[in-house]
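Descriptive analysis of the structure
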Amino acid sequence: MSGHEPDSCKEGRSVVYVAKDFITGFLEVFGDLIITNSRSSRPVEARICPQWRVAAVQPVTPVRVTNLKGRGCLKIKASPALATGNVSRELSQEWARAIYDHHTQSDGVKYQGAHDYGDCIAIWDRAPELTVGTLLDGATQDYPLHNRDLWRRLIVAGRDVGLPVMKQDRTTCRDCREHPPI
Ligand SMILES: [Zn+2]
C-alpha cells in the first residue's frame, strides 16, 4: 500500500515494507493521523488515491530475515522498542543500516507494526525478487483499494480507531498529478 513519498537513502539502498495483514499495512501508512487527530478538533481523513493498490506478494525463493520480535532485539543488543517501531525514525534507520551491514545473510527484518503490533517485514534490496501471488484459478492477488470489498474493510477499520477514510478524487490528488495513470 502506498502512502507518502519514499525517504531517500544516502547509500542508494531501497527497502520494501510488507505487512502480514491488510489492516496492519493500512495503519502503518496512516496510523500517525490517529494520534494527530486525537489532539485536534478538526480530524484529518486518510485519503486514498484511486491508483493505490494492495497485493499479496511472495519471494521467488525463501527470504531470511533478522527477527526483532520477542528476544530478537536483545540478541542484537538493541532496545526492544526497536521491534515495535517506537523509536525515532533516525534511530531505526541507523539500526537498519547496522543490521544490513553486519547480518549479511539477512534479507530484511521482521518487526511489529507501531500501531497494532501486527507482523511486518522490511525487505532489503538484496533479497530475492518479490512476485505477486496468484490464486488457484490463476487470478493475481493485486487489487485496487477503491474495490468495493476492500473499501468496506478500510471504512470499518478506520471507524474502529477513529480515523475517517475518504476516496481521494483523481483531479485533486497530488500523487495522480505527479505520477499520472498510465
Ligand atoms: Zn492519486
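Described in the following lines is the structure provided in the data block. Residue numbering note: each chain is counted from 1, following its sequence as written. Predicted model: local features are reported for residues with pLDDT of at least 70 only, side-chain atom pairs are reported and counted for 80 or more only, and whole-chain, interface and lining totals are derived from all residues.

1. Some words on the overall build of the protein chain
Numbering goes from the N terminus for both helices and strands, where a helix is a DSSP run of H or I of at least four residues and a strand is a run of E of at least two. Helix and strand counts for the protein chain come out as 5 helices and 10 strands. In terms of overall dimensions, the protein chain has C-alpha extents of about 45 × 45 × 30 Å along its principal axes. For every residue, the other C-beta atoms within 10 Å of its own C-beta are counted; 20 or more classify it as buried, 12 or fewer as exposed, and values in between as partly exposed. C-beta atoms are placed from the backbone. Residue burial in the protein chain is summarised as follows: out of 182 residues, 18% are buried. Any pair of residues counts as being in contact when their C-beta atoms, constructed from backbone geometry, are within 7 Å of one another. Considering only contacts in the protein chain between residues 6 or more positions apart, those separated by 24 or more positions represent 71%.

2. Looking at the sheet that holds strand S6 (residues 108-112)
Hydrogen bonding along the main chain pairs the strands of a sheet, whether they run parallel or antiparallel. In space, the 4 strands of this open sheet follow the order S1-S7-S6-S5, with mixed pairing throughout. Each edge of the open sheet is held by one strand with a lone partner, namely strand S1 (15-19) and strand S5 (66-67). For S5 and S6, the ladder comprises 2 bridges, and the chain directions are parallel. Counterpart to Asn67 in the pairing with S6 is Lys110. Lying on the sheet, helix H1 (residues 22-38) is in contact with S1 and strand S7 (119-124); it crosses S1 at an angle near 130°. Note: two strands are recorded as paired if DSSP finds a minimum of 2 bridges between them. The axes used here are C-alpha line fits, helices contributing only the stretch in contact, and every angle between their N-to-C directions lies in the interval 0 to 180 degrees.

3. Overview of the nonpolar core
Core analysis: the largest hydrophobic core is formed by 13 residues, its most contacted members being Leu68, Cys73, Leu82, Ala83, Val109 and Tyr111. Of all the secondary structure elements, the ones that give two or more residues to this core are helix H3 (89-102), S6 and S7. For this core, the element with the most residues is S7, which contributes 3 residues. What we call a nonpolar core is a set of buried Ala, Val, Leu, Ile, Met, Phe, Trp, Tyr and Cys residues whose membership is set by joining through C-beta atoms within 7 Å. Membership of the second largest hydrophobic core comes to 10 residues, among which are Phe30, Leu33, Cys49 and Leu154.

4. Describing the environment of Trp52
Mapped onto the elements, Trp52 comes out in the loop between strand S2 (46-48) and strand S3 (53-55). Separated by 41 residues in sequence, Trp52 and Gln93 have C-alpha atoms that sit 26 Å apart.

5. Section: the pairing of S7
As paired elements, S1 and S7 share 5 bridges and run antiparallel to each other. Opposite Val16, over in S7, you have Ile123 as the bridge partner. Two elements, S6 and S7, share 5 bridges in a ladder whose sense is antiparallel. In the strand pairing of S7, Gly108 is matched with Ile123. Connecting S6 to the antiparallel partner S7 that follows it, the hairpin turn spans 6 residues, and Tyr117 within it adopts a positive phi of roughly 60°.

6. As for the packing of H1 against helix H4 (residues 148-160)
Relative to each other, H1 and H4 sit at 60°, their axes nearing to 11 Å. With respect to their mutual orientation, H1 and H4 come out oblique. You can see that H1 and H4 cross each other, and the crossing is right-handed. For the pair H1 and H4, contact is made by Phe22, Ile23 and Phe26 and by Arg153, Leu154 and Ala157, respectively. In what follows, roughly perpendicular refers to angles from 65 to 115 degrees, roughly parallel to angles under 35, roughly antiparallel to angles over 145, and oblique to any angle outside these ranges. Each crossing gets its hand from how the near helix is turned against the far one by less than a right angle, where anticlockwise is left-handed and clockwise is right-handed.

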